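# Coordinate analysis (summary)
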Amino acid sequence: MNAVATYLLLKLKNPEADVTKDQITNVLNVAGAEVDEEAVDRLIAAMAEKNLDELLEEGYKKLVNIGGGGGGGGGGGAGAAGPAAAAVEEEEEEEEADESVSGGGGGLFGDESSS
């Protein structure tokens, strides 16, 4: 797959030039990718007498025939959580109220209540 991507990048750079095995190998080596010599040879042989633009157009037509099937449904909305969530929410509100009454310093600044 790396060889195909490299081939396409080289064609994008210079559409009129033929891409060689050496060019693909050099780019992959510079990128630090492993070069599969046999795959590069097969790619060069397969593309020898073919027009890349025609191949891409042909492939695009096949993809259009397949279709995407849509994006699928979105997730359901978060419905009412029920009584358990309401109870947890009430407890949190009570805790917040208790904290605000205590002065908020937690005794750090000598503000402990004497009650």
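Conventions and cut-offs
- Residues numbered from 1 in each chain as written.
- Predicted model: local features only at pLDDT ≥ 70, side-chain atom pairs only at ≥ 80, totals over all residues.
- Heavy atoms only, no water.
- Helix = DSSP H or I, 4+ residues; strand = E, 2+ residues; numbered from the N terminus.
- Buried < 20%, exposed > 50% of the residue type's maximum accessible area, 1.4 Å probe, protein only.
- Contact = heavy atoms within 4.5 Å.
- Areas by Shrake-Rupley, 256 points an atom, 1.4 Å probe, with all protein chains shown as cover.
- Patch = residues over 30% accessible without salt bridge, like charges linked within 9 Å, V, L, I, M, F, W, Y side chains within 5 Å.
- Salt bridge = Lys/Arg side-chain N within 4 Å of Asp/Glu carboxyl O.
- Core = buried A, V, L, I, M, F, W, Y, C linked by side-chain atoms within 4.5 Å.
- Lys, Arg positive; Asp, Glu negative; His and termini not counted.
- Polar contact = N/O pair within 3.5 Å; in protein donor to acceptor, adjacent residues only side chain to side chain.

With that out of the way, let us pick up the overall build of the chain. Check the secondary structure of the chain and you find 5 helices and 0 strands. Ordering the α and β elements of the chain from the N terminus gives α-α-α-α-α. For the chain, the residues scored as buried account for 13% of the 115 residues in total. In the chain, 35% of the contacts between residues at least 6 apart in sequence involve partners at least 24 apart. For the chain, the computed accessible surface area is about 9,400 Å², with 52% contributed by carbon and sulfur atoms.

Here Arg42 shows up in helix H3 (residues 37-47). Residue classification places Arg42 among the exposed positions, given a relative accessible area of 53%. Separated by 39 residues in the primary sequence, Arg42 and Ala3 have C-alpha atoms spaced 9.9 Å apart.

What follows is about a nonpolar patch on the surface. A cluster of nonpolar side chains, namely Met1, Val4, Leu8 and Leu56, defines an oily patch on the protein surface of about 410 Å² accessible area. Residue placement: Leu56 occurs in helix H4 (residues 52-66).

Ala3, Tyr7, Leu10, Val19, Ile24, Leu28, Val35, Val40, Leu43, Met47 and Leu52 together form the largest nonpolar core, which totals 11 residues. Looking at this core, the elements with two or more residues in it are helix H1 (2-13), helix H2 (21-31) and H3. If we ignore the near neighbours within four places in the chain, the residues touching Leu10 are Val19, Gln23, Ile24 and Val27.

Turning to the pattern of salt bridges, a few remarks are in order. In this structure the tally under the stated criterion is 2 salt bridges. A salt bridge links Lys21 to Glu37, with the nearest nitrogen and oxygen atoms 3.1 Å apart. Placement of the pair is Lys21 in helix H2 and Glu37 in helix H3, with a sequence separation of 16 residues. You can call Glu37 partly exposed: its relative accessible area is 37%. When the shortest N-O distance is used, the salt bridge between Lys21 and Asp41 registers 3.0 Å. Taken together, the residues span a long stretch of sequence, with Lys21 in helix H2 and Asp41 in helix H3 at a distance of 20 residues. Look at Lys21 and you get partly exposed, because its relative accessible area is 28%. Linked through salt bridges whose partners overlap, the residues forming this network are Lys21, Glu37 and Asp41.

In this fold, Lys11 is placed in helix H1. Buried charge without a partner: Lys11 forms no salt bridge, and the closest opposite charge is Asp18, 4.8 Å away. In this structure the side chain of Lys11 is engaged in a polar contact, spanning 3.1 Å, whose partner is the backbone oxygen of Pro15. Sequence-distant contacts of Lys11, defined by excluding residues within four places in its chain, comprise Ala17, Val19 and Leu52.

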